[in-house]
Each structure stands twice: as C-alpha cells, then as structure tokens.
Amino acid sequence: MYAPLRPDPSLPPVRINLYSDTQTRPSPAMREAMLGAGVGDEQLGLDPSVNALCERVAAMLGKEAAMFLPSGAMCNSVAILTHCRPGDEIIAHETAHIIEAEGGAPWALAGARVLGLRGARGMFSADDLRAALTMPSRYAAPQVLLEIEQTANLGGGTIWPLATLRDLVGIARAAGMATHMDGARLMNAVVASGISAAAYAAPFDTVWIDFTKGLGAPLGAVLAGSADLIDRAWRWKQRLGGALRQAGICAAACLYALDHNVDRLAEDHANARDLAAGLAAIGGLNVEPPETNLVYVDVAASGRTPGDWAAALRAQGIMVSVMGATRLRLCIHLDVTGTDIIETIAAFHNLA
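What comes next is a walk through the structure. (Residues numbered from 1 in each chain as written. Predicted model: local features only at pLDDT ≥ 70, side-chain atom pairs only at ≥ 80, totals over all residues. Heavy atoms only, no water.)

A few points about the pattern of salt bridges
Which entries qualify depends on this criterion: Basic side-chain nitrogens of Lys or Arg form a salt bridge, by our definition, when they fall within 4 Å of a carboxyl oxygen of Asp or Glu. Numbered from the N terminus, helices here are DSSP runs of H or I no shorter than four residues, and strands are runs of E no shorter than two.
Following the criterion strictly, the structure yields 15 salt bridges and no others. Of the charged contacts in the structure, one is a salt bridge between Arg118 and Glu94, with a shortest N-O distance of 3.8 Å. In this pair, Arg118 sits in the loop between strand E4 (113-117) and helix H6 (126-132) while Glu94 sits in the loop between strand E3 (89-93) and helix H4 (97-100), placing the two residues 24 residues apart along the sequence. One network of salt bridges, with partners in common, ties together Arg121, Glu288, Glu291 and Arg327.

Quick look at the layout of surface pockets
Condition: In the cavity and pocket records, a cavity denotes points on a 1 Å grid over the protein atoms alone where a 1.4 Å probe fits but cannot get out, a pocket denotes an open set with protein on both sides within 12 Å along at least 5 of 7 lines, and lining residues are residues with an atom within 4 Å of a point. Grid points are joined across faces, edges and corners, and a volume is the space filled by probe spheres set on the points. As a working rule, the residues Ala, Val, Leu, Ile, Met, Phe, Trp, Tyr, Cys and Pro are called nonpolar, Asp, Glu, Lys and Arg charged, and the rest polar, with Gly in that last group.
Of the volumes computed, that of the largest pocket is approximately 550 Å³. If you go around the largest pocket, you meet 28 residues; those closest to its centre are His97, Ala101, Asn153, Lys213 and Arg329. Secondary structure elements with two or more residues in the lining of the largest pocket: helix H3 (72-83), H4, strand E7 (206-210) and strand E12 (321-323). Residue composition of the lining of the largest pocket, grouped by class: ten nonpolar, ten polar and eight charged. Every residue along the wall of the second largest pocket is listed here: Pro7, Asp8, Leu11, Val14, Tyr19, Ala310, Ala311, Arg314, Met319 and Val320. Considering every element that reaches the lining of the second largest pocket, the biggest residue donor is helix H13 (residues 306-314), with three residues. Of the residues in the lining of the second largest pocket, the class split is eight nonpolar, no polar and two charged.

Here's the deal with the sheet that holds strand E10 (residues 294-298)
Selection criterion: A strand pair is defined by DSSP finding two or more bridges across the two strands. Residue contacts are defined here by distance: any two heavy atoms, one from each residue, within 4.5 Å place the two residues in contact. Every axis in this analysis is a line fitted to C-alpha atoms, fitted for helices over the stretch in contact. Angles between the N-to-C directions lie between 0 and 180 degrees.
Across the sheet, four strands lie side by side as E9-E10-E13-E12; this open sheet has antiparallel pairing. Only two strands of the sheet have a single partner each, and these edge strands are strand E9 (286-287) and E12. Where E12 lies against strand E13 (residues 327-331), three bridges are found, and the strand directions are antiparallel. Each residue of the ladder has a partner; that of Val322, found in E13, is Leu328. The strands touched by helix H12 (residues 265-280) are E9, E10 and E13; relative to E10, the strand with the most contacts, the crossing angle is about 15°.

Quick look at the packing of helix H2 (residues 48-61) against helix H11 (residues 248-260)
Where we set the bar: Helix crossings fall into two classes, left-handed where the near helix is turned counterclockwise from the far one by less than a right angle and right-handed where it is turned clockwise.
Direction vectors running N to C along H2 and H11 enclose 40°, while the axes themselves pass 8 Å from each other. Considering only the axes of H2 and H11, their crossing is left-handed. Taken together, the residues of H11 that come into contact with H2 (itself represented by Ser49, Val50, Ala52, Leu53, Arg56, Val57 and Met60) are Gly248, Ala251, Ala252, Cys254, Leu255, Leu258 and Asp259.

A closer look at the side chain of Arg329
Short version of the rule: Polar contacts, as used here, are pairs of N or O atoms within 3.5 Å; protein pairs need one atom able to donate a hydrogen and one able to accept it. Residues neighboring in sequence count only if both atoms are side-chain atoms.
Position of Arg329 relative to the elements: it lies in strand E13. A polar atom in the side chain of Arg329 sits 2.9 Å from the side chain of Asn153. In this structure Arg329 touches Leu18, Tyr19, Ser20, Asn153, Arg185, Leu294, Val295, Tyr296, Val320, Ser321 and Met323, once residues within four positions along its chain are discounted.

Geometric values such as these leave the question of function open.
Laid out in structure tokens, this is it:
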C-alpha cells in the first residue's frame, strides 16, 4: 500500500523523464566533486564540506545560521516542530506541500493543524489572510505560523510576488505569528524574477532550499534562520534522525550545484515555455502558461483521463505525473533537452 512499486519490466526504459525535477541525476563532474569531498563527523561539527555549505547558504539567504538535512520534507518538519507546539495552527495555501505531500507530518509529528486558504494558482492575498485570522481565545487554536511555498508547485510553479510576501508577513507578525518559507524551488523563482534569494527570504524566520530538484544533487536541503532558531532546531534534527556522519560527500554535490547549476535554470524555464506552446496547439489540451519549470496540462476536454495519457506516453518511454482528476504535470530539469521537448510534443500530437 505504501512502499514504491518496482517498474513494470514489460515497459520500455524511460527516455524522457518529465515526472519531476527530483529525477535529476548527478553529472560526472558533480560525482567527481563528491569523490574529492572533505568529510568528518557532521554531528560534531567536524565535516568541512557541510560547514562550508551551511555557511554559504546562510549568507545567500541573509540568515545567521543554517543546517544540512537529508530532504526538504525534513526541513519543513524540523521548522514546524521548532515553531509550533501541539494544538497550534499553521496557515498555508490549501495546496501547500505540507498539506498535500508530507503524509500529514504537521499533525502527526507536531500535533499542529494546518488551515488551508484558497487562492488562484497556489497563492492567497493579504485580505484572505486577514479573513482567516481569529481573535485570541481559549476556545481557538493559537495561530502561530504562516507558511509559504515558493514556487507554488500545485499552483503551476508560480512565483509569489515579493510585495505580496512582505504584506503577508507584516500581517502575520502583527498577529504574533512566526513565518516559514518552503523554498523547494526558490532558486527557480530567483532566476525567473531576477530578485535575489536574500530578498525573498528576508521577511521569513526560517527558509530552506532544496538541492535535489533543478539543482541536480542526489540528496540534501539546507534550512536557515537565526542562530537561536537553528540551535533549537538541532534538537529536532537529532530526534528525527537527521543528524549525520560523513555527510560531506553529499554536501559537496550541493556546493557544486551552487557553482554550476543555478544560472542554467533559465534553460529549464525556456524549455518549459517551448513545451507549453507546443502542447497548447493540440486540441483538447488546456495548458497553463508556465512561470518557471512546471507545465500543467488540463486534459478534461480531450475525452481521456490523465491516467490514460500518462500510460500511453509511458509506453513510448516518456514519463509524466498525474495530478488530480484532470491534470498532467510535466517538469523540466537539467536532464531534459530541447530535443526531448520536440519529441514530447510530437508524442502528444500522435496520441491526440
């Protein structure tokens, strides 16, 4: 029921993997960097590669300190556990990753519930947030944390405008709330908008970036915040099994990604636009214009389910995601080439 299924051996190998940007594989040069990494006991602060990565990310995000964790989901859990207590309430968009894709972790681990706000393309407004706030009362759960996902995955890879973020954080702070940014694809927002990571991160108490998506590393995310917050977060890092040993091998891949794989995200965004334009010309497909590297396609008018489309494409060696009752998601990353885009558009045309 829960364990991943092995691939069907009767299917052809995946030639074009548009399932997610988590499908990226370390390049030969990244593997070389990992092989030569300096390592030590991360739990004792002795791993030079982890230390260098945390210092670099903290500086990049404009924060005092940072910690290395195996995954972005663990970053969210550690941050929520640090900010919240059982019975607290978190406010996020109704399609946020912490609601849709983390197994109920805020409820199960922190005992905190998440209030999901509606809003187009994965975002809500300042007025939406004001309307959701409750007066302090012994009858109501304390609203202690505002959570934002940049970019908004299920919203279509959309970018929260900086002015909106500042307004939302100002409202939250006036209500006595802490703030947390799920920055899984923050660097996509940075490259697409030209706004620095530090500017996006500045209003938030905690923020993290993921290295296993468009940045192409095999493992790792970094959570940043004040020195006091990160110090307290170490208790939860330890409790959840996120305290590591010779983690520098993986941290070296993340450092390589910062040096070589950030600016090239613009190629992914261009490929996403090309893919969206090609698919939009096919009858029965409603394509959402992409802002970054995610292309969402509503297939309701095609007469086929998303599962039908995904299965037919997979039979040709093309892997995509089924997202709900009517949508497919095609995710562009560093292992997807311009030629792959052309072949994918042709495959959709043939199936249509």
